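# Fold and geometry: a report
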Amino acid sequence: MAQKKAHEVDGFLARPAQTGTVVLLYGPDKGLVSERGAKFAKLTGLPLDDPFAVLRIEADEIDKDPARLIDEARTISMFGGDRLIWIKNASAQKNLAEAVKNLISEPPQDTYILVEAGDLKKGAALRTNVENGSTAMALPCYSDDARGIDGLIDDVLQANHLQISNDARQFLRLSLGGDRLATRGELEKLCLYARGQQRIELEDVRESVGDVAALSQDEVIDAVLIGDLPKFNIAFDRVVNTGTHPFLLVNSAIRQFSQLQTLRYAMETGNVPAGLVVNSAKPPIFFARKKLVETALGLWSVAALNKVTDRLQRTVLESRQNATLSTAIIRQAFIALTVEAIRNKQRR
C-alpha cells in the first residue's frame, strides 16, 4: 500500500521529491495540507514562480476535462528540465480520480504530480487509487497533536532566535492546534510581540496568543472566586468592551463554581487537603490556575457554594426577564459574590 501514517509524513517530506510519482496530501486540516504541499513543491527544486515549470490547476478543471491532466503530464517543458503539476482543492471528483489512476499506471517522466485534497474518507476513489498505486504516495494530514505542536513551536522560535519558559510552552500548547496555518500565524505574532527579548515568558503568551476576550472571561471569574474587586472591575469592563455578552460570563461562572463545589465536597467528606484534590481533579485544572483554585477552596464552604449556584441561576432568569438591564444585573451579582469572598477571607 502506497501510504504513510500521519506521524510519518514529515519524514517522507524530508527526502528529495521523485519525478513520476503522484503524491496526494489529504485531510481535514486544510492549513497543514497547504503547508506540506508547499514543502513538497520546494523539494522539487523548481522555480515555483515560473509558469513554464509549474502548472497550478484546480481539481474541478481536471474533472471537467480529465484528458488535460494526461496531456499536461506528457508535455515536455519548453526549455527542458522537470515540471510540476500542482492540483488544488481535490475532493470526490470521479473524473479526476480516474485520470490520476491512469497517470499512476503509466507514470510520466520528468514530471512531479502533487494533489492537495480535503478530508477523503477511506474508500474514496482518489485516495484508493493512490494508495493502491505502485508509483504513488498518499499522505494524511490531521490536526496537530502535542508532538506536532511542540515541533512547530520549536521551528518557529528557532527561526526567530527565541527561547521559551516551560510555563509559557505549556500555556502556548493548550492555546494552539486545529489549523496549521492559524497555528503558525499565532506563533509568528507571538515572536513579533517578543521581538527584542531572548526568552518568551508566560505573560507574553497570555497577552499575544489566542482569544483575548476568552482570557478576560477567565480573569473575571477568577477575581470573583478569590475576592479581588479591583481586578474584577477591570476584567469585567474589558469583556463588555469587546462586545462579548455578559451572559456568557454567567455560564462560565456556573461551570467553575460547580467544579469548586465538587472539589470542596471531596475535601470536607474525605478530609483531603486542597492541594491533593486540585491535583487529582477531572477534568484537570490548568497548571497556571492551580494555586488560585486552592486559595478559592479555602474561602468557600460547600454550604456557601450551594447558595452561589442558586444565586447564579436567579441571575440568569433576571437578566433574561430584563434584557436592557442584563449587564447591570450580572455585574451586581458578581460584585456581591466578590464581596462575599472578601468577607470569607477576612474571617479566616
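Under an unreviewed UniProt entry, the name given to the protein chain is DNA polymerase III subunit delta, and the source organism is Pseudochrobactrum saccharolyticum. Quoted verbatim from the Sequence similarities (unreviewed entry) field of the UniProt record, the comment on the protein chain reads "Belongs to the DNA polymerase HolA subunit family." As recorded by UniProt, the Catalytic activity (unreviewed entry) comment attached to the protein chain reads in full: "DNA(n) + a 2'-deoxyribonucleoside 5'-triphosphate = DNA(n+1) + diphosphate".

## Here's the deal with the overall build of the protein chain
What the protein chain contains, in helices and strands, is 17 helices and seven strands. Computed over its C-alpha atoms, the radius of gyration of the protein chain comes to 28 Å, more than 25% above the 20 Å expected for a compact globule of 348 residues. Across the 348 residues that make up the protein chain, the buried fraction comes to 45%. Accessible area of the protein chain: about 18000 Å², with a carbon and sulfur share of 51%. In the protein chain, the 44 positive side-chain charges and the 44 negative ones have mean positions that sit 7 Å from each other.

## As for the sheet that holds strand E2 (residues 54–58)
With respect to topology, five strands assemble into an open sheet ordered E2-E3-E4-E1-E5, the strand pairing being parallel. With one partner strand each, in any of the chains shown, E2 and strand E5 (136–140) form the two edges of the open sheet. The average undirected angle you get between the axes of adjacent strands in this sheet is 15°. One ladder, built from four bridges, connects strand E1 (residues 22–26) with strand E4 (residues 111–117); its direction is parallel. Residue pairing for E4: Leu24 is matched across the bridge by Val115. Where helix H5 (residues 94–105) meets the sheet, it contacts E1, strand E3 (83–90), E4 and E5, and its direction lies at approximately 145° from that of E1.

## Here we look at the packing of aromatic side chains
Per the stated rule, a full pass over the model turns up five aromatic pairs. Look at Phe40 and Tyr112: their rings are 6.5 Å apart centre to centre, the planes differ by 80°, and that puts the pair in the edge-to-face class. One end of the pair, Phe40, is in helix H2 (residues 30–43); the other, Tyr112, is in strand E4, with 72 residues separating them in the sequence. Across the pair, exposure class does not vary: Phe40 and Tyr112 are buried alike.

## A word on the packing of helix H13 (residues 247–270) against helix H15 (residues 290–297)
It is at 10 Å that the axes of H13 and H15 come closest, and there the two elements cross at 65°. Handedness of the crossing formed by H13 with H15: right-handed. Of the residues in H15, those in contact with Leu260, Leu263, Arg264 and Met267 of H13 are Val293, Ala296 and Leu297. Within the contact of H13 with H15, the residues separate by chemical class into six nonpolar, no polar and one charged.

## Digging into the pattern of salt bridges
According to the stated counting rule, one finds 16 salt bridges in the structure shown. Between Arg68 and Glu72 there is a salt bridge, with the nearest N and O atoms lying 3.7 Å from each other. Placement of the pair is Arg68 and Glu72 together in helix H4 (residues 67–74), with a separation of four residues, close to one helical turn. Residue class for Arg68 comes out partly exposed when judged on its relative accessible area of 26%. Note that Arg169 and Asp154 form a salt bridge whose closest N and O atoms lie 2.6 Å from each other.

The rules behind these values
Residues numbered from 1 in each chain as written. Predicted model: local features only at pLDDT ≥ 70, side-chain atom pairs only at ≥ 80, totals over all residues. Heavy atoms only, no water. UniProt positions renumbered as here; feature names shortened; annotations may be inferred. Helix = DSSP H or I, 4+ residues; strand = E, 2+ residues; numbered from the N terminus. Rg over C-alpha atoms; globule rule 2.2 N^0.38 Å. Buried < 20%, exposed > 50% of the residue type's maximum accessible area, 1.4 Å probe, protein only. Areas by Shrake-Rupley, 256 points an atom, 1.4 Å probe, with all protein chains shown as cover. Lys, Arg positive; Asp, Glu negative; His and termini not counted. Charge placed at Lys NZ, Arg CZ, Asp CG, Glu CD. Pairing = 2+ DSSP bridges. Axes fitted to C-alpha atoms, helices over the stretch in contact; angles between N-to-C directions. Contact = heavy atoms within 4.5 Å. Phe/Tyr/Trp six-rings, centres within 6.5 Å; stacked < 30°, edge-to-face > 60°. Left-handed = near helix turned anticlockwise from the far one by under 90°. Nonpolar A, V, L, I, M, F, W, Y, C, P; charged D, E, K, R; others polar. Salt bridge = Lys/Arg side-chain N within 4 Å of Asp/Glu carboxyl O.

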